[in-house]
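Descriptive structure summary
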Amino acid sequence: MELTEKQLQQLVGYVELLDKWNKAYNLTSVRDPQQMLIRHIMDSIVVNGQLKGTSFIDVGTGPGLPGVPLAIVRPDSHFVLLDSLGKRIRFLKQVQHELGLTNIEPIQSRVEEYQPDIGFDGVISRAFASLSDMLNWCHHLPSSSGKFYALKGVVREEELAELPDGFLVDSVTELKVPELDEQRHLVILSLK
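Report follows, based on the coordinates. (Residues numbered from 1 in each chain as written. Predicted model: local features only at pLDDT ≥ 70, side-chain atom pairs only at ≥ 80, totals over all residues. Heavy atoms only, no water.)

Once that is clear, we can look at the pairing of strand β2 (residues 78–83). With respect to burial, β2 is a largely interior element, 5 of its 6 residues being buried. Relative to β2, strand β1 (residues 55–59) runs parallel, the two being bridged by 5 bridges. Paired with Ile57 across the two strands is Val80, which belongs to β2. Considered for its hand, the β-α-β crossover made up of β1, helix α3 (residues 67–73) and β2 is right-handed. (Buried < 20%, exposed > 50% of the residue type's maximum accessible area, 1.4 Å probe, protein only. Helix = DSSP H or I, 4+ residues; strand = E, 2+ residues; numbered from the N terminus. Pairing = 2+ DSSP bridges. Right-handed = clockwise from strand over helix to strand, strands pointing away.)

Given below as structure tokens:
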């Protein structure tokens, strides 16, 4: 992936802010900034090539993962960053301000209560919930041609078999995150 100097500076700036705020707000269990680059930044942007469209919602974004890193590497896309905790949204508004990210929109809401005006091209989650819960809670968020993108560690066959009616698994792709020796997968789903 080719990144501009500005994008690299924004990614590093994001890690610096995450490290600084983490000390007071406990935003992530990862404490080492070098590990944040691998476990949060690389682990988020590794899916960039799989995403289709320009409007996305990152549900249960936490401190902005994967939404903030993806917004940095996809400056022409728009990302709604949805989380129910005020401290995370305050952090994301600070990130938005300090890094000059005009393509993110932090919103405090529970996912089942959030009603967008128009559907999204992609509904993204990372370590958010089971696939079944994700689809039940987020079914109202994509456009008719929109996709669900679930970033998972291990994907269990039982989880794929327990999907609610009305959804199809488009693909399950194994992801390789540099310097991370753990399983990572992207499950792409769509409405039937």
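Moving on to the pattern of salt bridges. What the rule picks out here adds up to 12 salt bridges. Linking Glu112 and Arg110 is a salt bridge whose minimum nitrogen-to-oxygen distance equals 2.8 Å. A salt bridge links Glu174 to Lys176, with the nearest nitrogen and oxygen atoms 3.2 Å apart. Looking at Lys176, the relative accessible area reads 66%, which means it is exposed. Through salt bridges with shared partners, one network takes in Arg39, Asp43, Arg126, Glu182 and Arg184. (Salt bridge = Lys/Arg side-chain N within 4 Å of Asp/Glu carboxyl O.)

Take the nonpolar core next. Among the nonpolar cores identified, the biggest contains 35 residues, and Tyr14, Val68, Phe79, Phe91, Val95 and Ile124 are the most heavily contacted of them. At the level of elements, α1 (5–25), α2 (33–45), α3, β2, α4 (86–99), β5 (142–152) and β7 (185–191) are the ones that each hand at least two residues to this core. The leading source of residues in this core is α1, at 6 residues. Every residue in contact with Tyr14, bar those within four places of it in the chain, is listed here: Ile41, Pro63, Gly64, Leu65, Val68, Pro69, Phe91, Val95 and Leu99. (Core = buried A, V, L, I, M, F, W, Y, C linked by side-chain atoms within 4.5 Å. Contact = heavy atoms within 4.5 Å.)

The strand order across the open sheet built from 7 strands is β3-β2-β1-β4-β5-β7-β6, with neighbouring strands paired in mixed fashion. Where the open sheet ends on each side, the last strands, each with one partner, are β3 (104–108) and β6 (167–174). Going from strand to strand, the sheet's axes swing by 20° on average, the running direction of each strand aside. When β2 meets β3, the two strands line up parallel, connected through 5 bridges. Within β3, the position partnered with Val80 by the bridge is Glu105. (Axes fitted to C-alpha atoms, helices over the stretch in contact; angles between N-to-C directions.)

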